[in-house]
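The residues making up each chain are set out below.
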Amino acid sequence: MMKRLISLVIGLALAMDFGMHSAVIAETVYLTSLDWPPYTGKKLKQQGASVAVAKAVFKAAGYDLVVEFYPWKRAVDLAKDDPKYAGYFPEYYAAELAQNFTFSEPIG
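To keep things clear, this report deals only with the structure shown in the data block. (Residues numbered from 1 in each chain as written. Predicted model: local features only at pLDDT ≥ 70, side-chain atom pairs only at ≥ 80, totals over all residues. Heavy atoms only, no water.)

**Some thoughts on helix α4 (residues 72-81)**
Link 1 in the chain: Of all the residues in α4, the buried ones are Ala-75, Val-76, Leu-78 and Ala-79. Buried residues along α4 cover an arc of 165° about the axis, so they all sit on one side. Looking at α4, the residues exposed on the side facing more than 90 degrees away from the buried face are Lys-73 and Asp-81. (Buried < 20%, exposed > 50% of the residue type's maximum accessible area, 1.4 Å probe, protein only. Helix = DSSP H or I, 4+ residues; strand = E, 2+ residues; numbered from the N terminus. Arc of directions from axis to C-beta.)

**Describing the sheet that holds strand β4 (residues 87-88)**
Link 1 in the chain: What the 3 strands build is an open sheet, ordered β3-β2-β4; its pairing is parallel. The outermost strands of the open sheet, each flanked by one partner alone, are β3 (63-69) and β4.
Link 2 in the chain: Across the sheet, helix α3 (residues 49-60) touches β2 (27-33) and β3, and the angle it forms with β3 is around 155°. (Pairing = 2+ DSSP bridges. Contact = heavy atoms within 4.5 Å. Axes fitted to C-alpha atoms, helices over the stretch in contact; angles between N-to-C directions.)

**Observations concerning unusual backbone geometry**
Link 1 in the chain: Across the junction of Pro-37 and Pro-38, the peptide omega takes the value 0°, indicating a cis bond.
Link 2 in the chain: Here Phe-89 and Pro-90 are connected by a cis peptide whose omega angle stands at -10°.
Link 3 in the chain: Relative to the assigned elements, Pro-90 resides in the loop between β4 and β5 (101-102).
Link 4 in the chain: For Gln-46, which is not glycine, the phi dihedral falls at a positive 55°.
Link 5 in the chain: Along the chain, the position of Gln-46 falls in the loop between β2 and α3.
Link 6 in the chain: Within the chain, Gln-47 stands out as a residue other than glycine whose phi angle is a positive 65°.
Link 7 in the chain: Exposure remark for Gln-47: the relative accessible area of 17% places this residue in the buried category.

**Here we look at a nonpolar patch on the surface**
Link 1 in the chain: The grouping of Trp-36, Tyr-39 and Tyr-92 at the surface amounts to a nonpolar patch, some 340 Å² of accessible area in total.
Link 2 in the chain: Note on placement: Trp-36 falls in the loop between β2 and α3. (Patch = residues over 30% accessible without salt bridge, like charges linked within 9 Å, V, L, I, M, F, W, Y side chains within 5 Å. Areas by Shrake-Rupley, 256 points an atom, 1.4 Å probe, with all protein chains shown as cover. Salt bridge = Lys/Arg side-chain N within 4 Å of Asp/Glu carboxyl O.)

Dropping the structure here:
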């Protein structure tokens, strides 16, 4: 089963397309990430600029976003293999990753 690389834009667009923005009871979405200041980081204010934006967009769509931080290879592997995680971010497009992940438009 192909995992999705969740994006802010796709998450919000899907929620709005299905009319969930007002009807959804908060559901939790889990993503993995790494420490990559100033975009993402466990010890950064609001876990980094990209995490802050992602959480705000998911919240507007009726979801709680939890970002868990790991070394990069583990973050990717968990997103690929562990059903708890909907995906990971940030990432650059790479053809070999597209075999297992769906990419969003760039953010951040």
